Amino acid sequence: AVVSTQSTGTKLVCDILPKLGSDLDTCMSFVMPNIMSNMAAGNLVLKRESIKLVRCFSGITSSTNQLVRCIIWEGIDNKDATIAKEVILNLTKLIPNILQ
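Residues numbered from 1 in each chain as written. Predicted model: local features only at pLDDT ≥ 70, side-chain atom pairs only at ≥ 80, totals over all residues. Heavy atoms only, no water.

### Focus: the overall build of the protein
What counts here: The helix count covers DSSP runs of H or I at least four residues long, the strand count covers runs of E at least two residues long, and both are numbered beginning at the N terminus. Exposed residues in this analysis have more than 50% of their type's maximum accessible area, buried residues have under 20%, and partly exposed residues fall in between, with area computed by a 1.4 Å probe over protein chains only. Note on contacts: a residue pair is in contact if any heavy atoms of the two residues lie within 4.5 Å. Accessible surface area values rest on a Shrake-Rupley calculation with a 1.4 Å probe, where residue burial reflects the displayed protein chains alone. None of His or the chain ends enter the tally, which takes Lys and Arg as positive and Asp and Glu as negative. The atom standing in for a charge is NZ when the residue is Lys, CZ when it is Arg, CG when it is Asp and CD when it is Glu.
Helix and strand counts for the protein stand at seven helices and zero strands. Burial analysis of the protein (100 residues in total) assigns 35% to the buried set. Sequence separation of 24 or more characterises 66% of the internal contacts of the protein that already satisfy a separation of 6 or more. Carbon and sulfur atoms provide 58% of the accessible area of the protein, an area that totals close to 5800 Å². Charged side chains of the protein number 10 positive and 8 negative; the gap between the two group centres comes to 7 Å.

### Topic: the packing of helix H4 (residues 64–76) against helix H5 (residues 81–89)
The condition is simple: Axis lines are fitted to C-alpha atoms, over the contacting stretch for helices. Their N-to-C directions set the angle, which ranges from 0 to 180 degrees. An angle below 35 degrees is read as roughly parallel, one above 145 as roughly antiparallel, one from 65 to 115 as roughly perpendicular, and any other as oblique. Under this grouping Gly is polar, as are all residues other than the nonpolar Ala, Val, Leu, Ile, Met, Phe, Trp, Tyr, Cys and Pro and the charged Asp, Glu, Lys and Arg.
Close contact between H4 and H5 brings their axes to 8 Å; oriented N to C, the two are set at 140°. On the basis of the axis angle, H4 is oblique to H5. For the pair H4 and H5, the contacting residues are Ile71, Glu74, Gly75 and Ile76 in the first and Ile83, Ala84, Val87 and Ile88 in the second. In terms of residue class, the contact of H4 with H5 is built from six nonpolar, one polar and one charged.

Below, the structure is given as structure tokens:
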């Protein structure tokens, strides 16, 4: 039930991103640490929704540097090795438009 709620909440955040306007980057700075943690979730739906959210955010953020820093600090450099591994494995899915 908790994972289902997390998946639904993650999908909802993705749906409202374009409506956040100038508050987008500030709002996402609070959400991204949890999204990085969700990358290590055993639930594939939650993992997929988390990747989709980061991809959506990467396409509309005004600060790609802030996004990359967050992925590094909260994901790749995470103390939890499982989170770090999943973020590294999914890096090309997370920010494809930045890597091109």
